[in-house]
Each structure stands twice: as C-alpha cells, then as structure tokens.
Amino acid sequence: LNADTLTFGTGADSLSVTGGVTSSDITFGGSSYVTIGGNVTSTTLTGGTGPDTVLIGGAVDASTIAVTEGANVLAFSGDVSSSSITSGSGADSLSFVKSGGAIADSTINSGGGADTLNVNIQSLYDSTITAGDGTDTLLVSGGITGSSVALGEGTAYVSVGGQVLSSTMSSGTADDTLLFLGNVSESLITVGDGANLIVGSNFADNATSGAGLYSSTVTSGSGNDSIVFWRGSFNSSVDSGSGNDSL
C-alpha cells in the first residue's frame, strides 16, 4: 500500500499485506486481523471497538498505531523508530522481538488493563515505555539511553546487557527482578513494595568488573528486598525501604 486510505466498517475485518505500507491511513470500526510483511512508514493504523490483532514483520518508522478496547494482540518483528504505539484498557499482549533490534525516539503505551509486555531487543534509545498491570518482560541485550520505562503492578523481569544512562525505570507492587550487566549512570530506579531483587553484575567476574551505580538513585518499597551492585555505589543514593532488606 502506498498513499492509500482504507476505512473498514464495524464488522470483523481482515487485512493482509505481503509487502510494506507507506504514507497510508487505515481505520477499522470493529475487530480486525492485520498482517503486514514489510515495513510500515509514515502511516496511521487505528483499530476499532473489538479485539484487534496486528502483526508487523518489518520496521515501523514515523507511524502511529493505536488500538482501543478489547483484548488486543500487537507483535512487532522489526525496529521501531519515531513512532507511537498505543493499546486500550483491555488485557492486551504487546511483543517487540528482534535480534539486534532497536526502539528509538518512540512512545509505547499498553493502556490500563492486565497487559502482557514482552520486549527483546538490542537497544532502547530516547523512548518511553508504559506497561499495564500484567506480567512484563524487558530484555535489552545492549543499553538503555535517555528513556523512561514504567512497568505496571504485575511481576516484572528486566535484564539489561549494557549501560543504563540518563534513564528512569519504575515497577509496581509485585515481586520484581532487575538485572543490570552494565553500569547504571545518571538514572533513577524505583520499585514498589514486593520482594524485589536488583542486581548490578556481569556474573563472569563480579568482584573486578561487575556493574556499578554512578550518580544515580535506587529506591525500593516495604518488601524484603535485595540490592547488590558488585562494583559499588558512587555519588549515588540507595533507599531499600522498610522491609528486611539485604544491601
């Protein structure tokens, strides 16, 4: 599709594009099932009132994808850049999985439902991710820079292979695990009242090359938390809350 406008009614609609979509406007009224094999560029895709499934095999650039009510499924297999992706208040599933992939200059918001968020990419840069209250998994093999990650009330598992720089990360009241294999610098990490585990380590040689906390703030809630940065804390603040904590 190139510079096309497609408007669907309130029924159950299906759209399959083997190639890419460029400079187009696609609007659904009811439920939809969408598969796009190639890139989505400078395009707006709006879901209807029913549950929507959107599967995109290529990159998403300078585009807006917004689905509303219902239990929606959104899966992206390419890079996401300069784009906005939003789902509604239902129990949604959002997946961003690409080996060596990136999310850059983008906003991702899964809405207020019991959502499931799965992110497995290389880097997160100048972006905002806001998750709902379901189970969240954030796997970034590289680094996170200039970004905001707000995980919901469900259980969160976060693993970052590279440096976290000038970023904020927060989670809810469930038992969360945050693993940082690179340094955390000029950042704010806040977890809620669960029994949380926050570890800065490269696991290969903790004593000499484990991750450190630099000019950053880490705050946890009232649960029994464990907070470890093997290289140490430098010009930083750590507040483990009121539980039986281990630092």
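Please refer to the structure placed before this passage.
Values in this document were obtained by computation on a predicted structure and should not be read as measured data.

Details of the overall build of the chain
1) Next: Looking only at helices and strands, one finds one helix and 34 strands in the chain.
2) Next: For the chain, whose C-alpha radius of gyration is 19 Å, the value lies close to the compact-globule estimate of 18 Å for 247 residues.
3) Next: Principal-axis analysis of the C-alpha atoms gives the chain an extent of 60 × 30 × 25 Å.
4) Next: Of the contacts formed within the chain by residues at least 6 apart in sequence, a portion of 13% connects residues at least 24 apart.
5) Next: Just so you have it, the chain exposes about 9600 Å², and 50% of that area is on carbon and sulfur atoms.

Observations concerning the pattern of salt bridges
1) Next: In total, this model carries one salt bridge according to the counting rule given.
2) Next: The salt bridge partner of Asp 79 is Lys 98, with a shortest N-O separation of 3.6 Å. One end of the pair, Asp 79, is in the loop between β11 (73-76) and β12 (80-81); the other, Lys 98, is in the loop between β14 (93-97) and β15 (102-104), and 19 residues separate them in sequence.

Overview of the environment of Ala 91
1) Next: Structurally, the position occupied by Ala 91 is in the loop between β13 (84-86) and β14.
2) Next: Along the backbone, Ala 91 and Ile 56 are 35 residues apart, and their C-alpha atoms lie at a distance of 20 Å.
3) Next: Every residue in contact with Ala 91, bar those within four places of it in the chain, is listed here: Gly 70, Ala 71, Asn 72, Ala 114 and Asp 115.

Calculation rules
- All residue numbers refer to position in the chain's written sequence, counted from 1.
- Thresholds applied to this predicted model are a pLDDT of at least 70 for local features of residues and 80 or more for the giving and counting of side-chain atom pairs; totals over whole chains, interfaces and linings are not thresholded and use all residues.
- Heavy atoms from the whole structure form the basis of all side-chain values; hydrogens and water molecules are not counted.
- Runs of E in the DSSP output that reach at least two residues are strands. Runs of H or I that reach at least four are helices, and both are numbered from the N terminus.
- Computation of the radius of gyration draws on C-alpha atoms, with the globule rule given as 2.2 Å multiplied by the number of residues to the power 0.38.
- A contact between two residues is defined here by any heavy atoms of the two lying within 4.5 Å.
- For every accessible area listed, the method is Shrake-Rupley and the probe measures 1.4 Å; residues are considered covered only by the protein chains on display.
- Put simply, a salt bridge is a Lys or Arg side-chain nitrogen that is within 4 Å of an Asp or Glu carboxyl oxygen.

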